Amino acid sequence: MTVTSERTGTAGSTTTSSPAAPAVAPFPTGTQRLPLAKAINLGLRRALANDPKVLLMGEDIGPLGGVFRVTDGLHAEFGGDRVVDTPLAESGIVGTAIGLALRGYRPVCEIQFDGFVFPAFDQITTQLAKMHYRSQGRLRLPVVIRIPFGGGIGAVEHHSESPEVLFAHTAGLRVVSPSTPAEAFTMIQQAIASPDPVIFLEPKGRYWEKGDVDLDAPLPAPHGAAAGADLDHARVVRPGSDLTVVAYGPTVATALKAADAAAAEGRSLEVIDLRTLSPLDTDTVAASVRRTGRCVVVHEAPTLYGTGAEVAARITEACFFHLEAPVLRVGGFHAPYPVAKLEHDYLPGLDRLLDAVDRALAF
């Protein structure tokens, strides 16, 4: 914080003063219909207001409010000491956040686009993820790394990646993704309150989709609460009896559309939002599959070695004698993300998901 000195009175005497802290506006209340991006903004705002150790860091997140305007207005409200515009240096952003966390702060880093996270990959996987283990539990790094991920926005190269499995594979990181504005509002606050480093994946193709958000709802504990209430648990977003569709982030909406289409043909699909990729809530998915006997997993990331492979392996182990068909996976192709005019063909849409549903029900 800048400190200024002004000479007053007799020669040599000084008084020291600091700039006044920005005034914090009243927080909105009640249930409001908000876009997902605005729900994250309000979750960040509440966390900043409730804990002076929380600070935001990232490229263009200050007066501009970020590329997607997720941090819009926060710099004006909380000042440049707590909403920090950083140089274009992702490794430096995360490295600085690690140092701040060691000094008791709770930094929230924004990586401007998913494809830009890789310069910081070394800091994330060799330092951030391992410090707690390396120190035998003496050190905690409560750092949140926000990453807009996935496609569907017609962007250029390196702006529509789905790198979640790389982080989920790394022990020591929590990896979560909200699918609705209400989930985003709650989960970003839980991630910031968590004592562990959290990779917070924001489905940028859904940033502008609206949903009801209860701004007065009490915040559940980050971990260990009832199923569906904390960062560790999946949730059943639509009950069904014939087949379980497992999704997360941007594909939850696709799964719900598939359930609507299937219902028109007399088929009942249960839709589960994983919410957390690491740790993976196998119990909630397995309980569903034991009832339905069939499972399809859908995500935007390539199918090969993706999250769906881990889900399929776990469900096969846990539900082998209940399965009426193999666990099927629907995802992107094993190829670099295509140019914008081809992304509709690359991303798993309604038709590809329903085709997998038909194949599973045909067994």
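See the structure shown above.
Attention here is on the structure that accompanies the text.

Scoring rules and cut-offs
- Residues numbered from 1 in each chain as written.
- Predicted model: local features only at pLDDT ≥ 70, side-chain atom pairs only at ≥ 80, totals over all residues.
- Heavy atoms only, no water.
- Core = buried A, V, L, I, M, F, W, Y, C linked by side-chain atoms within 4.5 Å.
- Buried < 20%, exposed > 50% of the residue type's maximum accessible area, 1.4 Å probe, protein only.
- Helix = DSSP H or I, 4+ residues; strand = E, 2+ residues; numbered from the N terminus.
- Contact = heavy atoms within 4.5 Å.
- Pairing = 2+ DSSP bridges.
- Axes fitted to C-alpha atoms, helices over the stretch in contact; angles between N-to-C directions.
- Lys, Arg positive; Asp, Glu negative; His and termini not counted.
- Salt bridge = Lys/Arg side-chain N within 4 Å of Asp/Glu carboxyl O.
- Polar contact = N/O pair within 3.5 Å; in protein donor to acceptor, adjacent residues only side chain to side chain.
- Parallel < 35°, antiparallel > 145°, perpendicular 65-115°, else oblique.

Considering the nonpolar core
If you look at the biggest cluster of nonpolar residues, it comprises 43 residues, and the most contacted ones within it are Ile-124, Ile-145, Ile-199, Leu-274 and Ile-315. Contributions of two or more residues to this core are made by β4 (54-58), α3 (90-102), α4 (121-128), β7 (144-149), β9 (198-203), α9 (282-292), β15 (295-302) and α10 (307-319). With 5 residues, the top contributor of residues to this core is α3. Discounting residues that sit within four places of it in the chain, Leu-274 has contacts with His-233, Ala-234, Val-246, Ala-247, Tyr-248, Leu-280, Val-285, Thr-307 and Val-311. In terms of nonpolar packing, the next biggest core, distinct from the first, is built from 33 residues, Ala-39, Leu-44, Val-54 and Leu-74 among them.

Describing the sheet that holds strand β13 (residues 269-273)
If you trace the 5 strands from one edge of the open sheet to the other, you get β11-β13-β12-β15-β16, paired in mixed fashion. In this open sheet, the two edge strands, each paired with only one partner strand, are β11 (235-238) and β16 (328-332). Strand-to-strand twist of the sheet, defined as the mean angle between neighbouring strand axes without regard to direction, takes the value 25°. For β15 and β16, the ladder comprises 4 bridges, and the chain directions are parallel. Counted as the bridge partner of Val-297 is Arg-329 from β16.

Some thoughts on unusual backbone geometry
Looking along the chain, the bond that leaves Ser-278 and enters Pro-279 is cis, with omega of 0°. Looking at where Pro-279 falls in the secondary structure, it is placed in the loop between β14 (276-278) and α9. Of note in the backbone geometry, Arg-69 takes a positive phi value of approximately 60° without being a glycine. With respect to the helices and strands, Arg-69 occurs in the loop between β4 and α2 (74-78). In this structure Arg-69 comes out as partly exposed when scored by relative accessible area, which is 42%. At Tyr-305, a position not held by glycine, the phi torsion is positive, near 60°. Summarising the element assignment, Tyr-305 is placed in the loop between β15 and α10.

Overview of the side chain of Glu-59
With respect to the helices and strands, the residue Glu-59 is situated in the loop between β4 and α2. One buried charge, Glu-59, has no salt-bridge partner; the nearest side chain with opposite charge is Arg-146, at 12 Å. A polar contact of 3.4 Å, which involves the side chain of Glu-59, links it to the backbone nitrogen of Ala-89. What Glu-59 contacts, discounting residues up to four positions off in sequence, is Asp-85, Thr-86, Pro-87, Leu-88, Ala-89, Glu-90, Ile-93, Glu-110 and Gln-112.

Some remarks on the packing of α3 against α4
The geometry of α3 relative to α4 is characterised by a closest axis approach of 8 Å and an angle of 25° between their N-to-C directions. Our classification of the angle between α3 and α4 gives roughly parallel. Counted together, Ser-91, Val-94, Gly-95 and Ile-98 of α3 and Gln-123, Ile-124, Gln-127 and Leu-128 of α4 form the full contact between these two elements.

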